[in-house]
Number of protein chains: 2
Amino acid sequence: MKNRVITISREFGSGGRTIGRRAGEQLGIPCYDLELIEKISEESGLLQEFIAEKSEDAPKSGLLANMFSDRSFYGMSSQGYLWTVQKKIILDLARKGPCVIVGRCADAILKEEADCLTVFVHASLERRAERIVRLYGENENAPEKRLREKDKRRSAYYHYYTDMEWGAVSNYHIALDSGVIGIEKCVELITTLY
Amino acid sequence: MKNRVITISREFGSGGRTIGRRAGEQLGIPCYDLELIEKISEESGLLQEFIAEKSEDAPKSGLLANMFSDRSFYGMSSQGYLWTVQKKIILDLARKGPCVIVGRCADAILKEEADCLTVFVHASLERRAERIVRLYGENENAPEKRLREKDKRRSAYYHYYTDMEWGAVSNYHIALDSGVIGIEKCVELITTLY
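On a predicted model such as this, the values are computed, not experimentally measured, just so you know.

Participant: Looking at this structure, I do not really get the pattern of salt bridges. What am I missing?
Facilitator: Side chains carrying opposite charge are able to pair once their charged atoms draw close together. Residues and elements named next belong to chain A. Within the structure shown, the criterion is met by 24 salt bridges over all chains. The salt bridge partner of Arg 4 is Asp 115, with a shortest N-O separation of 3.0 Å. Remark: Asp 115 occurs in strand E6 (residues 115–122) and Arg 4 occurs in strand E1 (residues 4–10); sequence separation between them is 111 residues. Of the residues examined, Arg 4 reaches a relative accessible area of 22% and is grouped as partly exposed. With a closest N to O distance of 3.5 Å, Glu 35 and Arg 21 form a salt bridge. Here Arg 21 lies in helix H1 (residues 16–27) and Glu 35 lies in helix H2 (residues 34–44), a separation of 14 residues in the sequence. A relative accessible area of 26% means that Glu 35 is categorised as partly exposed.

Given below as structure tokens:
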């Protein structure tokens, strides 16, 4: 598989999604993020809301509990089934042509399968808190609490399915602090490497 | 202190020193690496060989054992004394003007003190092993063993003196896999951010 794929893993609120989308636009290649949810829904028959909630984050109530609590698809838990479909779709997309894929463990799924540039985007809690309040508004939980919870769930999910450590520097070809470097400059650096 | 300083932390054999030197050349600012050892020697009266051995790496024989085994300077261990001098020199250099500083915990020392761009350079064990054999020749120990040992000592030293985690993605504005990206491209990305 020789297609060049950019995978973007990101801390919640770091702007990784925006960076991926703009990099795709500038390079003239598709960026899959929310579109992935639609594709997974079509292929799996699962509701988009369920996928959005479960396709990156370990459940709040304990990962293992959930994994085995709702077996309903071919003897798999719905989350296990979702993982299988998600993996297949990401592999298909990478086979189809060059693209950007945001989140969903694409870096680990494509590790041995595609010519990837693996990117990790992060930022300080303060910068991310400011950003999520600006973009998504206030919430009953303090923004820092929401960020910590979301990161923890992403990290647990990633580790469970890939056996790799989320955000470990050695897993990524380039890791960027978007809070210091800025969204536009991150896009520029990534496109330079493509 | 408004001088812009680039700090380069690096895994052993990743080419971080070369990247720092070339970035300094291209930006027309000094790069302090081995020169630091000379300066520390002048200021401290310690032998350059001792500094080279002890100014980044925790001792093989157990960090704590060494820390307290050789008190000889003003009631400090020689390694504690070395740390104090090293810290002062790095702060002085950053005050003097823009520069690149390679290793020696400069990122942590300057965290609150200077306008820094903090860089971490890493690469896979295979790429680094190939590089150190090419540059430094064979050794009685397998290159992978030398790399693991050196990284372990750097990491322990960094953690002991800074209370931060060496190579943790959140500590750096940009982290680069020099084995995949290439030395020249790393230099280009860093100078773009300056």
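The structure having been displayed, the exposition proceeds.
Participant: Got a minute to help me understand the pairing of strand E5 (residues 99–102) of chain A in this structure?
Facilitator: Along any regular strand, the residues point their side chains to alternate faces of the sheet. All names here are of chain A. Burial of the side chains of E5 extends over both faces: Cys 99 and Ile 101 are buried on one face and Val 100 and Val 102 on the other. Where E1 meets E5, 4 bridges bridge the pair, whose relative direction is parallel. In the sheet register, Ile 8 faces E5, and the bridge partner there is Val 102. Sheet analysis places strand E2 (residues 31–32) next to E5, joined by 2 bridges and oriented parallel. Across the sheet, the residue bridging to Tyr 32 is Ile 101, located in E5.

Participant: Would you mind going over the nonpolar core with me for this structure?
Facilitator: Burial of nonpolar side chains together is a common tendency in soluble globular proteins. Within the largest apolar cluster, 68 residues are counted, with the highest numbers of intra-cluster contacts made by Val 5, Ile 101 and Leu 110 of chain A together with Val 5, Ile 101 and Leu 110 of chain B. Each residue touching Val 5 of chain A, except ones within four places of it in the same chain, is listed here: Ala 94, Cys 99, Ile 101, Leu 110, Ala 114, Asp 115, Cys 116 and Leu 117 of chain A. Among the nonpolar cores identified, the runner-up in size contains 39 residues, and Leu 176, Ile 181 and Val 187 of chain A together with Cys 31 of chain B belong to it.

Participant: Would you mind going over the interface of chain B and chain A with me for this structure?
Facilitator: Note: interface size is frequently given as the accessible area lost on complex formation between the parts. Listed as interface residues are 18 residues of chain B and, on the opposing side, 18 residues of chain A. Between chain B and chain A, a total of about 1,500 Å² is buried, with carbon and sulfur atoms accounting for 71% of that surface. The tally of links between chain B and chain A comes to 9 residue pairs in polar contact (both at pLDDT 80 or more). The set of elements that each furnish at least two residues to the side of chain B that touches chain A consists of strand E6 (115–122), strand E7 (174–177), helix H9 (178–181) and helix H10 (183–193) of chain B. Ranked by residues supplied to the side of chain B that touches chain A, first place goes to H10 of chain B with 5 residues.

About the criteria used
- Residues numbered from 1 in each chain as written.
- Chains lettered and ligands numbered in written order.
- Predicted model: local features only at pLDDT ≥ 70, side-chain atom pairs only at ≥ 80, totals over all residues.
- Heavy atoms only, no water.
- Salt bridge = Lys/Arg side-chain N within 4 Å of Asp/Glu carboxyl O.
- Helix = DSSP H or I, 4+ residues; strand = E, 2+ residues; numbered from the N terminus.
- Buried < 20%, exposed > 50% of the residue type's maximum accessible area, 1.4 Å probe, protein only.
- Pairing = 2+ DSSP bridges.
- Core = buried A, V, L, I, M, F, W, Y, C linked by side-chain atoms within 4.5 Å.
- Contact = heavy atoms within 4.5 Å.
- Buried area = accessible area lost by both parts, 1.4 Å probe.
- Polar contact = N/O pair within 3.5 Å; in protein donor to acceptor, adjacent residues only side chain to side chain.

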